[in-house]
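Here are the chains, one letter per residue:
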Number of protein chains: 2
Amino acid sequence: MTFRISIGPRIRKSPYFDATVAAGVTDMTIYNHMYMPTGFGDFEAEYRRLTETVALWDVAAERQVQITGPDAARLVQMLAPRDISKMKVGQGRYALLSDATGKLINDPVLLKLAEDRFWFSIADSDMEYWVGGVATALGLDVEVTEPDVSPLAIQGPNAPLVVADLFGDWIRDLRYFAFRETELDGIPLILARSGWSKQAGFEIYLMDGTRGTELWDRVMSAGLPHGIGPGSPNVVERTEGDLLSWGTDTRPDANVFELGLGDFVNLDMAPDFIGKDALKRIRAEGPKRRRVGLFIDPPVLAPAEHNWTVRGPDGDPAGTVSIAVPSIRLERNIAIALINVAQAGIGNRLVVETPEGPRDAEVTGLPFIQPG
Amino acid sequence: MTFRISIGPRIRKSPYFDATVAAGVTDMTIYNHMYMPTGFGDFEAEYRRLTETVALWDVAAERQVQITGPDAARLVQMLAPRDISKMKVGQGRYALLSDATGKLINDPVLLKLAEDRFWFSIADSDMEYWVGGVATALGLDVEVTEPDVSPLAIQGPNAPLVVADLFGDWIRDLRYFAFRETELDGIPLILARSGWSKQAGFEIYLMDGTRGTELWDRVMSAGLPHGIGPGSPNVVERTEGDLLSWGTDTRPDANVFELGLGDFVNLDMAPDFIGKDALKRIRAEGPKRRRVGLFIDPPVLAPAEHNWTVRGPDGDPAGTVSIAVPSIRLERNIAIALINVAQAGIGNRLVVETPEGPRDAEVTGLPFIQPG
């Protein structure tokens, strides 16, 4: 059952759109109001490139919410559960944004570009309005905008080889989430060590949307000796490696403690941030659900198209599968699920309501596969 | 050039998803993080149903931002450019939401369900975060949520016949945007006189997401004698009738005066709202661009896939086409554009940069077709 995606001006085309069409893109989604490639016609080859050589991804849809002005740091600190005063220019931090009830509303990377200039590099929700709503209500002296910045990801074990060929050996000293402003053939960009995979990887934040094809082609050429090819954020690799997919794994109301991300949230620091009180309460009471892995019994299942209900052996509700895929490296059905704490013990047996009927499953730890 | 749309759990399926698949949906988009049908394989037949008989649309993706609590009316008044104190329960109003700079950030219908309960029935941007950000920053005593409410639209000249057969003749007395809470075979719903077309029409706000197929089938059966069939928001009909498409016509920074929607914004009332000062300034200075129609010279153009640049006869930038389609009723290429005021006079000649090359065009008034 397949459907065409409507291509029209309500949704933006990425600066790499034409390049991905030339590279044979076959499948797309929409992310932050922009078309984003999700397949080039050979899923297994794309998975192998990502896990064995190197892949090039159009992730321009990972948009930036830019905050500038005298109150920029103050506003960022109101939103992000990290001590911003300790961040240096050129550093990035995973910043889990919660609302006042403790619900996770986005999981961006926060980049500090200057003392009064920050980017939230966002997952698929309009954080510009959250940031802007807070700033407007408080009359803060900031500008909240979406700059012309479009990431291109280079992911896979050979990514450092490609990126070193392009930029030089200094890239090997970049720490995770660190970045540097630079250029390539005069194309203005930021190079960051980051990316939505558990492989080695970098992201090039293109800062001139008219030069997407040029950048794509340049990286592709440099990558050829290293086995590069087109790809996209990979649902099997991310499930095996337990990368969070905001929206998939979090809807409609998950919090960081249920998701096992409490270590990224500093409730004990001095600065306050939105959601801190609610999260303290949740921590004190203990989360009600837990993010766990499931091995679902054979035969091979088609990847989940929507959330599946999980029940205990007696038919009582136990939780929800957010994603289920056949693992290529493990050769079995794996899933990530949010399960009531009482039923979330490793080894516990549950029943998953799949479109192919109820299927037995066993709770396991995450990730399924440790990075490299 | 067509692409498959990825179907996965990051994007929600509408309660009518299965029913639209059974009805033969072929094309989809994503709107408010939900799949939304955009075609059933015969565009002209769908257009004829909408303009000559009646069509049934899955518009569940038109989500509701619900605001409840003691400060609900106060918060709504801070956001909407209408005098909320004059709204009665059961009334709806077109509510153009602007940010502090005057930029239009959504154009929802505001429904008043109780003195302390409102819905913004939103276009495709996450207004939950705008509303929530303001409420959180000010510590207002409200809850901002997305309720289980999924509109189904019945649009076309025969829509009143279908809806009267289903609900009774009282529906003929509903004024535009007015609504009533009721039920159908025990299915809880709100019936509203509204819909994103220039035809007669109603929307059924389903209030139990488990009963989508049942509701779809019930309406389809009642509509058969009146020529009903599946359809979706129609780009040609909306362009002919000059309905605003938020995102298409407004990106990235249009304001209500440029869009010709100043009459829906009350800058002279007592209550303040976000954006009022900026909009007063824009009104005083006069908008810099104007939303106009363009007749683009033959031959027939394919519908626009993205915004097109418009230039004056000397090649100087004049503005942007937001949508261009071949009009079925007028049998010529029509477009909606945002044009610099100096070049926006009726009859002015411009040049549109289409993918098929530059094409002469003439400025005209809107709408192209007055509602019947």
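Residues numbered from 1 in each chain as written. Chains lettered and ligands numbered in written order. Predicted model: local features only at pLDDT ≥ 70, side-chain atom pairs only at ≥ 80, totals over all residues. Heavy atoms only, no water.

## Quick word on the overall build of chain A
Step number 1: A count of helical and extended segments in chain A gives eight helices and 22 strands.
Step number 2: Computed over its C-alpha atoms, the radius of gyration of chain A comes to 21 Å, within 12% of the 21 Å expected for a compact globule of 372 residues.
Step number 3: For chain A, the C-alpha atoms occupy an extent of roughly 65 × 50 × 40 Å along the three principal directions.
Step number 4: For chain A, buried positions account for 60% of its 372 residues.
Step number 5: Considering only contacts within chain A whose residues lie at least 6 apart along the sequence, 65% involve residues at least 24 apart.
Step number 6: Working note: accessible area of chain A is about 14,100 Å², and carbon and sulfur atoms make up 49% of it.
Step number 7: Both charge centroids of chain A, one from 37 positive and one from 51 negative side chains, sit 4 Å from each other. (Helix = DSSP H or I, 4+ residues; strand = E, 2+ residues; numbered from the N terminus. Rg over C-alpha atoms; globule rule 2.2 N^0.38 Å. Buried < 20%, exposed > 50% of the residue type's maximum accessible area, 1.4 Å probe, protein only. Contact = heavy atoms within 4.5 Å. Areas by Shrake-Rupley, 256 points an atom, 1.4 Å probe, with all protein chains shown as cover. Lys, Arg positive; Asp, Glu negative; His and termini not counted. Charge placed at Lys NZ, Arg CZ, Asp CG, Glu CD.)

## Looking at the interface of chain A and chain B
Step number 1: Residue-level contacts link 52 residues of chain A with 52 residues of chain B.
Step number 2: Taking both partners together, chain A and chain B bury about 4,700 Å²; carbon and sulfur atoms supply 58% of that area.
Step number 3: Among the residues of chain A in contact with chain B, Phe3, Arg10 and Tyr129 of chain A are the three that bury the most area, contributing 19% of the side total.
Step number 4: Along the contact surface separating chain A from chain B lie eight salt bridges.
Step number 5: One salt bridge connects glutamate 128 of chain B with lysine 103 of chain A, and the closest N-O pair in it is separated by 3.0 Å.
Step number 6: Where chain A meets chain B, there are 31 residue pairs in polar contact (both at pLDDT 80 or more).
Step number 7: Counting residues per element, the ones that place at least two in the side of chain A that touches chain B are strand E1 (4–5), helix H1 (17–22), strand E2 (27–31), helix H4 (127–138) and strand E19 (317–326) of chain A. (Buried area = accessible area lost by both parts, 1.4 Å probe. Salt bridge = Lys/Arg side-chain N within 4 Å of Asp/Glu carboxyl O. Polar contact = N/O pair within 3.5 Å; in protein donor to acceptor, adjacent residues only side chain to side chain.)

## Topic: the packing of helix H3 (residues 72–79) of chain B against helix H4 (residues 127–138) of chain B
Residues and elements named next belong to chain B.
Step number 1: Contact pair H3 / H4: the axes reach a minimum separation of 11 Å and the direction vectors enclose 120 degrees. Considered as vectors, H3 and H4 are oriented oblique to each other. The two elements H3 and H4 cross, and the hand of that crossing is right-handed. Residues Leu75, Met78 and Leu79 of H3 form the contact with H4, whose own contacting residues are Trp130, Val131, Val134, Ala135 and Leu138.
Step number 2: Of the residues assigned to the contact of H3 with H4, the class counts are eight nonpolar, no polar and no charged. (Axes fitted to C-alpha atoms, helices over the stretch in contact; angles between N-to-C directions. Parallel < 35°, antiparallel > 145°, perpendicular 65-115°, else oblique. Left-handed = near helix turned anticlockwise from the far one by under 90°. Nonpolar A, V, L, I, M, F, W, Y, C, P; charged D, E, K, R; others polar.)

## Re the sheet that holds strand E13 (residues 179–184) of chain B
Residue and element names in this part refer to chain B.
Step number 1: Taken in spatial order, the six strands make up an open sheet running E13-E14-E15-E12-E4-E16, and their pairing is mixed. The strands lining the two open edges of the sheet, one partner per strand, are E13 and strand E16 (228–231). Averaged over all adjacent pairs, the angle separating strand axes in this sheet is 30 degrees, with direction ignored.
Step number 2: In this sheet, E16 lies alongside strand E4 (residues 54–58) in parallel orientation, the contact comprising four bridges. For alanine 55, the partnering residue across the bridge sits in E16 and is glycine 229.
Step number 3: Strands in contact with helix H5 (residues 159–167) are E4, strand E12 (150–155), E13, strand E14 (187–192) and strand E15 (201–206); relative to E15, the strand with the most contacts, it is inclined by about 40 degrees. (Pairing = 2+ DSSP bridges.)

## Observations regarding the side chain of asparagine 333 of chain B
All names here are of chain B.
Step number 1: Looking at where asparagine 333 falls in the secondary structure, it is placed in strand E20 (residues 333–340).
Step number 2: Classification of asparagine 333 by relative accessible area gives buried; the value is 4%.
Step number 3: A distance of 3.1 Å separates a polar side-chain atom of asparagine 333 from the backbone oxygen of aspartate 297.
Step number 4: Not counting the four nearest positions on each side in its chain, asparagine 333 is found in contact with Leu294, Phe295, Ile296, Asp297, Pro298, Pro299, Val300, Leu301, Val325, Pro326 and Arg359.

## Brief notes about the relation of the copies chain A and chain B
Step number 1: The transform that puts chain A on chain B rotates by 180 degrees and translates by 0.0 Å along the axis, for an RMSD of 0.0 Å. Between the two chains, the operation in question is that of a two-fold axis.
Step number 2: A shared binding surface is used by both copies, with 100% of the interface residues of chain A retained as interface residues in chain B. (Least-squares fit on C-alpha atoms with pLDDT ≥ 70 in both.)

## A few points about the packing of aromatic side chains
Step number 1: Evaluation of the coordinates by the stated rule reveals 14 aromatic pairs over all chains.
Step number 2: Plain terms: the ring middles of tryptophan 130 of chain A and tyrosine 129 of chain B are 6.5 Å apart, the flat faces sit at 85 degrees to each other, and that makes the pair edge-to-face. Taken together, the positions of tryptophan 130 of chain A in helix H4 and tyrosine 129 of chain B in helix H4 put the pair across two chains. As far as burial versus exposure is concerned, tryptophan 130 of chain A and tyrosine 129 of chain B are alike and both buried.
Step number 3: Each residue in the set Phe3 of chain A together with Phe17 and Tyr35 of chain B is aromatic and connected to the rest through ring pairs, giving one cluster.
Step number 4: Arginine 180 of chain A extends its terminal NZ or CZ atom over the ring of tryptophan 170 of chain A, reaching a point 3.8 Å from the ring centre. (Phe/Tyr/Trp six-rings, centres within 6.5 Å; stacked < 30°, edge-to-face > 60°. Lys NZ or Arg CZ within 6 Å of the ring centre and 35° of its normal.)

## Section: the domain arrangement of chain A
Residues and elements named next belong to chain A.
Step number 1: Taken domain by domain, chain A consists of domain 1 (17–62 + 149–238) and domain 2 (288–372).
Step number 2: Across the boundary between the two partners, domain 1 contributes 11 residues, which contact nine residues of domain 2.
Step number 3: Where domain 1 meets domain 2, there are zero salt bridges.
Step number 4: Linking domain 1 to domain 2 there are one residue pair in polar contact (both at pLDDT 80 or more).
Step number 5: Only helix H2 (43–52) and helix H7 (235–241) provide two or more residues apiece to the side of domain 1 that touches domain 2.
Step number 6: Considering each element in turn, the side of domain 1 that touches domain 2 owes the most residues, five residues, to H2.
Step number 7: When grouped by side-chain class, the residues that make up the side of domain 1 that touches domain 2 number four nonpolar, two polar and five charged. (Domains from an automatic or database assignment.)

## Here we look at the sheet that holds strand E17 (residues 289–296) of chain B
Residues and elements named next belong to chain B.
Step number 1: Here we have six strands rolled up into a closed barrel, ordered E17-E20-E19-E18-E21-E22, and antiparallel in their pairing. Shown here is a sheet whose adjacent strand axes are inclined to one another by a mean of 40 degrees, direction ignored.
Step number 2: Note: E17 against E20, eight bridges, orientation antiparallel. The residue of E20 that forms the bridge with phenylalanine 295 is isoleucine 334.

## Comments concerning the nonpolar core
Step number 1: Counting 174 residues, the largest nonpolar core has Phe120, Leu215 and Val219 of chain A together with Phe120, Leu215 and Val219 of chain B as the members making the most contacts within it.
Step number 2: Filtering out sequence-adjacent residues up to four positions away, leucine 215 of chain A remains in contact with Tyr16, Leu152, Leu184, Ile187, Leu189, Ile204 and Leu206 of chain A.
Step number 3: Among the nonpolar cores identified, the runner-up in size contains 20 residues, and Ile11 and Phe17 of chain A together with Ile11 and Tyr35 of chain B belong to it. (Core = buried A, V, L, I, M, F, W, Y, C linked by side-chain atoms within 4.5 Å.)

## Things to note about the pattern of salt bridges
Opposite charge on two side chains lets them pair, provided their charged atoms get close.
Step number 1: Per the stated rule, a full pass over the model turns up 52 salt bridges over all chains.
Step number 2: Linking arginine 4 of chain B and aspartate 27 of chain A is a salt bridge whose minimum nitrogen-to-oxygen distance equals 2.8 Å. Of this pair, arginine 4 of chain B sits in strand E1 (residues 4–5) while aspartate 27 of chain A sits in strand E2, placing the two residues on different chains.
Step number 3: With a relative accessible area of 36%, arginine 4 of chain B lands in the partly exposed category.
Step number 4: Residue aspartate 27 of chain A is classed as buried on the basis of its relative accessible area, which comes to 13%.
Step number 5: Put simply, glutamate 356 of chain A and arginine 359 of chain A hold a salt bridge, and the shortest N to O gap is 3.6 Å.
Step number 6: A relative accessible area of 47% places glutamate 356 of chain A in the partly exposed class.
Step number 7: Sharing partners across several salt bridges, the network here consists of Arg238, Asp242, Asp249 and Arg291 of chain A.

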